[in-house]
Every structure is written in C-alpha cells, then in structure tokens.
Amino acid sequence: MDRVETVEQEKNWYVLHTYSGYENKVKMNIESRAQSMNMENHIFRVVVPEEEEIEMKDGEEKKKTKKTFPGYVLVEMIMSDESWYVVRNTPGVTGFVGSHGAGSKPAPLLDEEISWILKRMGLSTRTRDVEFEKGENVTIVEGAFNGLSGVVEEVDSEKGKLKVLIEMFGRETIAELEYEQVDKIN
C-alpha cells in the first residue's frame, strides 16, 4: 500500500464547536496555524457549513448565505497529538464534538454524514492531487456518462468540478462532473 492510500485512510472529518458568529474566523485561524506550524500534512480542509437562501425583499430576490450549523466548523485531518493540539488551541475553538474531555480524542464523522453535508454545499467529498486544464482530454469513469471521453471546457478547482464536452447521440453536450468521476487520457 502506498503512502497516498494510507493518508486517505487516516484522514477523517471532525466537528469543532466554536463561539457562534466566529465560524469563519476560526476557519481562517486553523488554516493559518496549520501553515505556520507545518501541519499541512495533517490538517487538510476546514469547512463552515453554509447554504444559499433566496429571500424576497422589496419585490426582489436576494441571495443570502446562511450557516447550516451555527457554532460548528468541520475539519478534515489526521488525528495525532500534534494536530489535535493545534486545532484544539486555536482561538475561538471551544472543543471537539464527540470528545469526552480530559484530552480524549474525538470520534470522527461517519462517511455518510460528511458526504451529505458536503454535497449539500456543492463541495467534493474527496480531494485529489490532480489538476485539470481547459482543453485536456479525459475519460469518465463514474456516473451516468461512464465510459465516455470528452474535453475539459471549464475547471472549478475550489469545488472540485469540471465541465466536460462530450458527444452523445451524435450531438455535443456539456456534462458537469466531479474530479473523482474522470481520469486524464495520456
């Protein structure tokens, strides 16, 4: 088993409790501390669960971002004494959810739980160290278009999504896919 597979197996999502209203500040603090304390190989993604809400105001639709779980932040990390210390002692973090106190390590979220939350936010559940570029040829390996090949038309690296031009029924069409659903053609 190579190191990448081992890291993927050790990575888990944990829930942090924060002061309500400080979720984005906590996110920035954890990302900053992970970098300054050389913990990027243990602390990967920090997410504040949010969703867009459409609100009618004065007869106009306005988009408003609403926190799905106020007072909580999600962090993808490999649990070790060092990473636990860095995250736990970040300003604004009051503790890990699922920890029994006295320095005990918390229980991670189940795969189904984090998958549901991230998909609702339009984010990818997995990260891949693959970069895609416009014009690149790819083959689809998962989903409704499995087995088809196409050309990358647009890359959204933040959300881990691609728009791929494929030919179906003799016509060209755009398919929106996640990074995990495609492989590069060499």
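Scroll up to find the structure.
Worth saying up front: this structure is predicted, and the values here are computed from it rather than measured. (Residues numbered from 1 in each chain as written. Predicted model: local features only at pLDDT ≥ 70, side-chain atom pairs only at ≥ 80, totals over all residues. Heavy atoms only, no water.)

Draft legend 1. Focus on a nonpolar patch on the surface. Where nonpolar side chains cluster on the molecular surface, the patch consists of Phe69, Tyr72, Val97 and Trp116 and spans about 350 Å² of accessible area. You can call valine 97 partly exposed: its relative accessible area is 37%. (Patch = residues over 30% accessible without salt bridge, like charges linked within 9 Å, V, L, I, M, F, W, Y side chains within 5 Å. Areas by Shrake-Rupley, 256 points an atom, 1.4 Å probe, with all protein chains shown as cover. Salt bridge = Lys/Arg side-chain N within 4 Å of Asp/Glu carboxyl O. Buried < 20%, exposed > 50% of the residue type's maximum accessible area, 1.4 Å probe, protein only.)

Draft legend 2. Inspection of the sheet that holds strand 6 (residues 93–96) at higher detail. If you trace the four strands from one edge of the open sheet to the other, you get 2-5-1-6, paired in antiparallel fashion. With partners counted over all chains shown, the strands left at the sheet margins are strand 2 (43–47) and strand 6, one partner each. Sheet twist, expressed as the average angle between the axes of neighbouring strands with direction ignored, equals 30 degrees. In terms of strand pairing, strand 1 (residues 11–18) meets strand 5 (residues 72–78) through seven bridges, oriented antiparallel. Considered in strand 5, the bridge of tryptophan 13 is made with glutamate 76. Strand contacts of helix 2 (residues 23–36): strand 1, strand 2, strand 5 and strand 6, with the helix running at about 170 degrees to strand 2, the strand carrying the most contacts. In the packing of helix 3 (residues 81–88) onto the sheet, contacts are made with strand 1, strand 2, strand 5 and strand 6, and the angle to strand 6 comes to roughly 145 degrees. (Pairing = 2+ DSSP bridges. Helix = DSSP H or I, 4+ residues; strand = E, 2+ residues; numbered from the N terminus. Axes fitted to C-alpha atoms, helices over the stretch in contact; angles between N-to-C directions. Contact = heavy atoms within 4.5 Å.)

Draft legend 3. Summary view of the nonpolar core. If you look at the biggest cluster of nonpolar residues, it comprises 17 residues, and the most contacted ones within it are Leu16, Ile30, Ile43, Val75, Met77, Val87 and Phe96. Once residues lying within four places of it in the same chain are set aside, the contact partners of leucine 16 are Ile30, Gly71, Tyr72, Val73, Val75, Val87, Val93, Gly95, Phe96 and Val97. Counting residues in hydrophobic clusters, the runner-up holds eleven residues, among them Ile140, Val152, Leu162 and Ile166. (Core = buried A, V, L, I, M, F, W, Y, C linked by side-chain atoms within 4.5 Å.)

Draft legend 4. Representation of the packing of aromatic side chains within the structure. In this structure the tally under the stated criterion is three aromatic pairs. For the ring pair tyrosine 14 and phenylalanine 96, a centre distance of 6.2 Å and an interplane angle of 90 degrees mean the geometry is edge-to-face. In this pair, tyrosine 14 sits in strand 1 while phenylalanine 96 sits in strand 6, placing the two residues 82 residues apart along the sequence. Across the pair, exposure class does not vary: tyrosine 14 and phenylalanine 96 are buried alike. Taking 5.0 Å as the distance between ring centres and 65 degrees as the angle between the ring planes, the aromatic pair formed by phenylalanine 132 and tyrosine 179 counts as edge-to-face. Of this pair, phenylalanine 132 sits in the loop between helix 4 (111–121) and strand 7 (137–140) while tyrosine 179 sits in the loop between strand 10 (171–178) and strand 11 (182–184), and the two are 47 residues apart along the sequence. For the pair formed by phenylalanine 132 and tyrosine 179, the shared burial category is buried. In this arrangement the basic side chain of lysine 11 is found over the ring face of phenylalanine 44, its NZ or CZ atom lying 4.4 Å from the centre. For the cation-ring pair, lysine 184 lies above phenylalanine 132, with the distance from its terminal atom to the ring centre recorded as 5.7 Å. (Phe/Tyr/Trp six-rings, centres within 6.5 Å; stacked < 30°, edge-to-face > 60°. Lys NZ or Arg CZ within 6 Å of the ring centre and 35° of its normal.)

Draft legend 5. Quick peek at the pairing of strand 1. Burial analysis of strand 1 places six of its eight residues in the buried class, the great majority of the element. Where strand 1 lies against strand 6, three bridges are found, and the strand directions are antiparallel. Considered in strand 6, the bridge of threonine 18 is made with valine 93.

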